[in-house]
Amino acid sequence: MPAEEAECEPRVAAGLAAVQAAIAEAARVAGRETAEITLVAVTKTHPAAAIRPALQAGHRSFGENRVQEAEGKWPELKAAYPDMVLHLIGPLQRNKVRRAVRLFDVIESIDRADLAQAVAQAAEAEGRRPAVFIQVNTGEEPQKAGVFPDATDALVEACRACGLNLQGLMCIPPVDEEPSLHFALLREIARRNGLKGLSMGMSGDFPVAIQFGATHVRVGTAIFGYRPPTGNDVDRS
Ligand SMILES: *Cc1c(COP(=O)(O)O)cnc(C)c1O
């Protein structure tokens, strides 16, 4: 094992185990099955050496927020662990759709009809069928990606019309607001659209998200530790 990886291993394995235990506890409190909840381990800014210990510990779901960064580390890891599932959780630009479809198994950031269409076309061209989530801007924050709540039903229709494998909704609540209000809103929009998937909850609030029905929690810091601020963070688009 290379030195850098040996150094990461105990820390990452411990972080992963702690988050898994916290998910199990939150599920128990909410009267839910742990198996209904997928932990998406968010690896943005972290090198392959930090990721490998999680794969070796048996973890298989990961998230990245930028296509280009993911292309630098994931093809090799995916080849070594073909059963793993890679989620794109950051904004997707039209000119990177084809590359995103090639690499990612789940795209969580669909937020407009033309992007849905482009992903459907790229999927067809690549012979791939990524699962998709619609990102909802529940706080209606102007700087943040995501469709506004009142435009979500129409986007659900558009995704279904172009044949996408739409599985659910995703949100990132405003940093300074009570997240449960946003989780409840996302759950309601999913319910009325007959969608089962709810990607919500990060390091600071995933137990609350589980209480509100999260099926996917996206956790980075609590597993991999502090990320140096690179500008590569949740609201960058
Ligand atoms: C970085 C990121 C996360 C993980 O955030 P942590 O606070 O480190 O757990 C979750 N979701 C998205 C969309 C992100 O960009």
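Residues numbered from 1 in each chain as written. Predicted model: local features only at pLDDT ≥ 70, side-chain atom pairs only at ≥ 80, totals over all residues. Heavy atoms only, no water.

Moving on to the site of the ligand. Close to the ligand lie 12 residues, the nearest being Lys44, Ser203, Gly220, Thr221 and Arg227. For the ligand, an oxygen atom lies 2.5 Å from a polar atom in the side chain of threonine 221. A per-class count over the shell around the ligand returns 6 nonpolar, 3 polar and 3 charged. (Near = heavy atom within 4 Å. Polar contact = N/O pair within 3.5 Å; in protein donor to acceptor, adjacent residues only side chain to side chain. Nonpolar A, V, L, I, M, F, W, Y, C, P; charged D, E, K, R; others polar.)

The next thing to look at is the side chain of histidine 59. Relative to the assigned elements, histidine 59 resides in the loop between α2 (48–56) and β2 (61–64). With residues near it in sequence (within four places) discarded, histidine 59 still touches Leu16, Gln20, Leu39, Ala41 and Ala54. (Helix = DSSP H or I, 4+ residues; strand = E, 2+ residues; numbered from the N terminus. Contact = heavy atoms within 4.5 Å.)

This brings us to the pattern of salt bridges. Following the criterion strictly, the structure yields 16 salt bridges and no others. Aspartate 105 is the partner of arginine 128 in a salt bridge, and the nearest nitrogen-oxygen pair spans 3.4 Å. Placement of arginine 128 in the loop between α5 (113–126) and β5 (131–136) and of aspartate 105 in the loop between α4 (97–103) and β4 (106–110) is noted, with a sequence separation of 23 residues between them. If you follow the salt bridges from partner to partner, you end up with Arg94, Asp111, Arg112 and Asp114 in one network. (Salt bridge = Lys/Arg side-chain N within 4 Å of Asp/Glu carboxyl O.)

Here we come to the nonpolar core. Judged by nonpolar contacts, the single largest core of 66 residues is most densely connected at Ile107 and Val119. In this view, valine 119 contacts Leu92, Val97, Val101, Ile107, Ile110, Pro130, Val132 and Leu164; residues no more than four positions away in its chain are not counted. Counting 7 residues, the second largest nonpolar core, distinct from the first, contains Ile89, Val106, Met170 and Ile172. (Core = buried A, V, L, I, M, F, W, Y, C linked by side-chain atoms within 4.5 Å. Buried < 20%, exposed > 50% of the residue type's maximum accessible area, 1.4 Å probe, protein only.)

The buried fraction of β4 is high, at 5 of 5 residues. Summarising the sheet, strand β3 (residues 85–88) and β4 pair through 2 bridges and their orientation is parallel. Pairing of histidine 87 across the sheet is with valine 106, part of β4. Relative to β5, β4 runs parallel, the two sharing 3 bridges. Each bridged residue has a counterpart across the sheet, and for valine 106 the counterpart in β5 is alanine 131. Chirality of the crossover, the property in question, places the unit of β4, α5 and β5 among those that are right-handed. (Pairing = 2+ DSSP bridges. Right-handed = clockwise from strand over helix to strand, strands pointing away.)

This part takes up the side chain of threonine 138. You can see threonine 138 is positioned in the loop between β5 and α6 (152–161). A relative accessible area of 7% means that threonine 138 is categorised as buried. Engagement of the side chain of threonine 138 in a polar contact is seen with the side chain of histidine 182, the distance being 2.8 Å. When neighbours within four sequence positions are excluded, threonine 138 is seen to be in contact with Pro149, Cys171, Pro173, His182, Leu185 and Leu186.

Viewed as axis vectors pointing N to C, α2 and helix α3 (residues 67–80) meet at an angle of 30 degrees, and their least axial separation amounts to 11 Å. Relative to α3, α2 is oriented roughly parallel. Crossing angle aside, the handedness with which α2 passes α3 is right-handed. Residues Ala48, Ile51, Arg52 and Leu55 of α2 touch α3, and the partners they reach there are Lys73, Trp74, Glu76 and Leu77. In the contact of α2 with α3, the residues fall into 5 nonpolar, no polar and 3 charged. (Axes fitted to C-alpha atoms, helices over the stretch in contact; angles between N-to-C directions. Parallel < 35°, antiparallel > 145°, perpendicular 65-115°, else oblique. Left-handed = near helix turned anticlockwise from the far one by under 90°.)

A separate point is the confidence of the model for the protein. Averaged over every residue, the pLDDT of the protein is 95; residues scoring 70 or more account for 97%. Per-element confidence in the protein is highest for strand β7 (residues 197–199), whose mean pLDDT is 99, and lowest for helix α1 (residues 3–30), whose mean pLDDT is 91. (pLDDT = per-residue confidence, 0-100.)

Before going further, it helps to examine α3. An ideal rise of 1.5 Å per residue puts 20 Å on 14 residues; α3 measures up with 20 Å between its terminal C-alpha atoms. Its axis deflected by about 45 degrees at tryptophan 74, α3 carries its strongest bend there, up to four residues before the proline proline 75. Within α3, burial applies to Val67, Ala70, Lys73, Trp74, Leu77 and Lys78. Contact partners of the buried residues in α3: α2, β2, β3 and α4. (Expected span 1.5 Å × (residues − 1). Bend = angle between axes of the 7 residues up to and from the residue.)

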